[in-house]
Amino acid sequence: GAVVSQHPSRVICKSGTSVKIECRSLDFQATTMFWYRQFPKKSLMLMATSNEGSKATYEQGVEKDKFLINHASLTLSTLTVTSAHPEDSSFYICSAQNTGEQYFGPGTRLTVT
Amino acid sequence: DAKTTQPPSMDCAEGRAANLPCNHSTISGNEYVYWYRQIHSQGPQYIIHGLKNNETNEMASLIITEDRKSSTLILPHATLRDTAVYYCIVRVGGGQAGTALIFGKGTTLSVSS
């Protein structure tokens, strides 16, 4: 089946720094990728939809200047959390769409100290 | 908001069938029923999806009522590794370019020996 990877799997950073998370579709081309975040014991919340070669569409309440999304190729999307703060600590999950079906990455655990 | 309603939790004995219900009374004619599961601290895993006919694959069976207002996911012989949160999602898809998956609270299935 389709495989989606994320890197890093875990990251710890200091408050005020920026962190980049990569999402790759390994064996298929994804014209659309999605970014979600998940707080402990909560469900996944959609943050943004990213189409290759165009600007991402952010969900209401998600700051586009804080969560920078780049989808420069059909196999790679990146999420950069800028000026991270402890409240940004969360589990970030990407998914890639292939012929209408969504496949998820393993997630990235971000801890901001 | 999620368009489905699921019980918050269920228990199942190892080796027995797990039947997870889902209500989706406002489903549209072009919306499919998707099931995903999430094992702790991992990305969601696709299980099965269907439009109106019952579906079966190596993981599970999906039974959709004739009026399409509800469905049941069946894990025929549950194992401890099936302990996870199970999400029922309705979405335009099934081979066409679809919108993002929107997750509700899901059902936490606990399989015990």
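What counts and what doesn't
Residues numbered from 1 in each chain as written. Chains lettered and ligands numbered in written order. Predicted model: local features only at pLDDT ≥ 70, side-chain atom pairs only at ≥ 80, totals over all residues. Heavy atoms only, no water. Pairing = 2+ DSSP bridges. Helix = DSSP H or I, 4+ residues; strand = E, 2+ residues; numbered from the N terminus. Disulfide = S-S within 2.5 Å. Buried < 20%, exposed > 50% of the residue type's maximum accessible area, 1.4 Å probe, protein only.

**Remarks on the pairing of strand 7 (residues 67-73) of chain A**
All names here are of chain A.
Okay, so step 1: Examined bridge by bridge, strand 7 and strand 8 (residues 76-81) share 5 bridges and lie antiparallel to one another. Across the sheet, the residue bridging to Ile69 is Leu79, located in strand 8.
Okay, so step 2: What sits between strand 7 and strand 8 in their antiparallel hairpin is a turn of 2 residues.

**Observations concerning the state of the cysteines**
Residue and element names in this part refer to chain A.
Okay, so step 1: All chains considered together, the criterion is met by 2 disulfides over all chains.
Okay, so step 2: Covalent S-S linkage joins Cys23 and Cys94, the inter-sulfur distance amounting to 2.0 Å. Residues Cys23 and Cys94 share a disulfide whose torsion about the S-S bond is about 80°; that sign makes it right-handed. With Cys23 in strand 3 (residues 19-25) and Cys94 in strand 9 (residues 90-98), the pair connects residues that are 71 residues apart, well separated along the chain.
Okay, so step 3: Assessed through its relative accessible area of 0%, Cys23 is described here as buried.

**Considering the sheet that holds strand 2 (residues 18-23) of chain B**
Sheet strands line up and pair through hydrogen bonds in the backbone, either parallel or antiparallel.
Residues and elements named next belong to chain B.
Okay, so step 1: In space, the 4 strands of this open sheet follow the order 2-7-6-5, with antiparallel pairing throughout. Two strands bound the open sheet, and with one partner strand each, they are strand 2 and strand 5 (55-56).
Okay, so step 2: Both strand 5 and strand 6 (residues 61-64) contribute to a ladder of 2 bridges, which runs antiparallel. From the neighbouring strand, Glu55 faces strand 6, where its bridge partner is Leu62.

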